[in-house]
Amino acid sequence: MAKINGAVTVNTERCKGCNLCVVACPSGVLDLKKNEVNNRGYHYAYMANPDKCIGCSSCALVCPDACIEVYRVVEK
Amino acid sequence: MELNDIIRPENRVYKRPSLLNEAHMHYCPGCSHGVVHKLVAEVIEEMGLQEVAIGVSPVGCAVFAYNYIDIDWLEAAHGRAPAMATATKRLMPDKLVFTYQGDGDLSAIGTAETIHAANRGENITIIFINNAIYGMTGGQMAPTTLLGQKTATCPYGRRADLNGYPLAISNLLAQLDGTCYVTRQTVYSPAAVRKTKAALKKAFQNSMDGKGCSVVEVVSTCNTGWKLTPVKANEWLQENMFAKYPLGDLKNE
Ligand SMILES: Cc1ncc(C[n+]2csc(CCOP(=O)(O)OP(=O)(O)O)c2C)c(N)n1
Ligand code: SF4
Ligand code: SF4
Ligand code: SF4
Ligand SMILES: [Mg+2]
């Protein structure tokens with residue numbers, strides 16, 4: 001069966017820690033950094049469970065600050 | 001597979017639109033305005049209209065839209081965006097001319113401009129961000145505010161006997177002979193974002209084809225004005241806004 005490998009990058013300085021990407025992700029990949037903030041003081045989003053990403057772009061679509069870019073590789 | 005092997009240019013399936021520049025948007029975290037800005041930038045880029053697009057920004061939280069999307073812009077006095085768009089499109093009929101307006105701007109102070117531009121069938125697109133509140137000025141009641149909804153100027157909730165009824169102005173606009181396309185969309189979920197993008201594309205194409213006035217309402221959140229977290233605001237929107245502002249095409253000719 002084909003295996004789907006996904007990954008996202010987050011522009012952590014643009015991120016405002018709104019959490020919308022975290023709840024939009026169907027695979028529980030994302031979370032907000034608990035003890036770290038960016039230059040504007042926001043707890044930014046990151047891939048807490050990178051292995052689960054399927055590259056579906058749900059997170060990127062709902063992000064109001066266009067912080068997220070998505071990558072996808074399908075292994076045959 | 002290692003992350004390094006996945007995160008390569010050839011594997012990229014979602015890219016930030018290049019017309020959205022690096023300026024840090026002033027919107028509150030989680031505000032729907034940001035999502036719609038991103039879609040406007042994406043659609044103009046995909047349609048190859050960046051050299052001919054002229055936006056008219058409103059008074060309201062979106063007043064600085066011109067700082068974020070790298071196309072030509074005008075900035076209208078409060079509510080007057082459809083009038084400025086009318087003049088611009090008539091003088092330069094080959095341009096894509098659109099307004100971007102909040103519910104206070106479009107359905108309160110700018111009601112006359114909006115209705116008459118639509119009724120004249122101006123070949124413009126009106127993007128209408130309905131968050132049921134005056135966001136910019138601190139969360140006062142708007143014509144669109146729902147019955148029972150609490151705002152700074154109706155702290156115990158909007159009452160019909162005192163404040164009148166919420167105004168679904170897109171339904172009025174759909175009745176006018178000058179509109180060709182009136183649709184109500186939202187951006188709280190990935191699927192909804194995709195639909196709003198398709199609606200914007202259709203509206204912009206209508207404007208370029210000279211088919212009349214297109215209106216894309218986006219039922220939106222103002223989590224700051226609503227005094228909710230962004231995630232809770234998205235939930236409140238689904239539970240409360242769609243009963244008065246149901247989604248879908250109101251007119252598609
Ligand atoms: C002539 C005039 N009257 C009133 C105001 C004050 N004012 C600024 S923004 C605004 C309402 C904004 O609400 P809306 O259009 O819904 O935009 P939002 O901020 O919610 O996106 C008002 C009344 C003004 N700037 N100019
Ligand atoms: S691309 Fe899909 S699976 Fe991957 S983090 Fe984003 S929402 Fe989750
Ligand atoms: S949706 Fe965007 S701004 Fe919000 S937390 Fe996620 S990456 Fe940050
Ligand atoms: S006040 Fe409301 S509409 Fe304005 S930026 Fe904040 S959340 Fe958005
Ligand atoms: Mg508003």
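These lines cover the structure that appears in this document, whether it is placed above or below. (Residues numbered from 1 in each chain as written. Chains lettered and ligands numbered in written order. Predicted model: local features only at pLDDT ≥ 70, side-chain atom pairs only at ≥ 80, totals over all residues. Heavy atoms only, no water.)

All right, on to the pattern of salt bridges then. Residues and elements named next belong to chain B. Scanning the entire structure with this criterion turns up 14 salt bridges over all chains. Glu22 serves as the salt-bridge partner of Arg16, at 3.9 Å between the closest nitrogen and oxygen. Assessed through its relative accessible area of 12%, Arg16 is described here as buried. Between Glu122 and Arg120 there is a salt bridge, with its nearest N and O atoms 2.6 Å apart. Classification of Arg120 by relative accessible area gives partly exposed; the value is 44%. The network of salt bridges with common partners includes Glu42, Glu46, Lys197 and Lys201. (Salt bridge = Lys/Arg side-chain N within 4 Å of Asp/Glu carboxyl O. Buried < 20%, exposed > 50% of the residue type's maximum accessible area, 1.4 Å probe, protein only.)

All names here are of chain B. Surrounding the magnesium ion (ligand 5) are the protein donor atoms Asp103 (OD), Asn131 (OD1) and Ile133 (O), which sit 2.1 to 2.2 Å from the metal. Mapping the donors of the magnesium ion (ligand 5) onto the primary sequence yields the spacing D-x27-N-x1-I. With Asp103 in helix H4 (residues 103–109) and Asn131 in the loop between strand S5 (125–130) and helix H6 (160–163), the pair connects residues that are 28 residues apart, well separated along the chain. As far as burial versus exposure is concerned, Asp103 and Asn131 are alike and both buried. (Donors = N, O, S within 2.8 Å, 3.2 Å for Na, K, Ca; no water. Helix = DSSP H or I, 4+ residues; strand = E, 2+ residues; numbered from the N terminus.)

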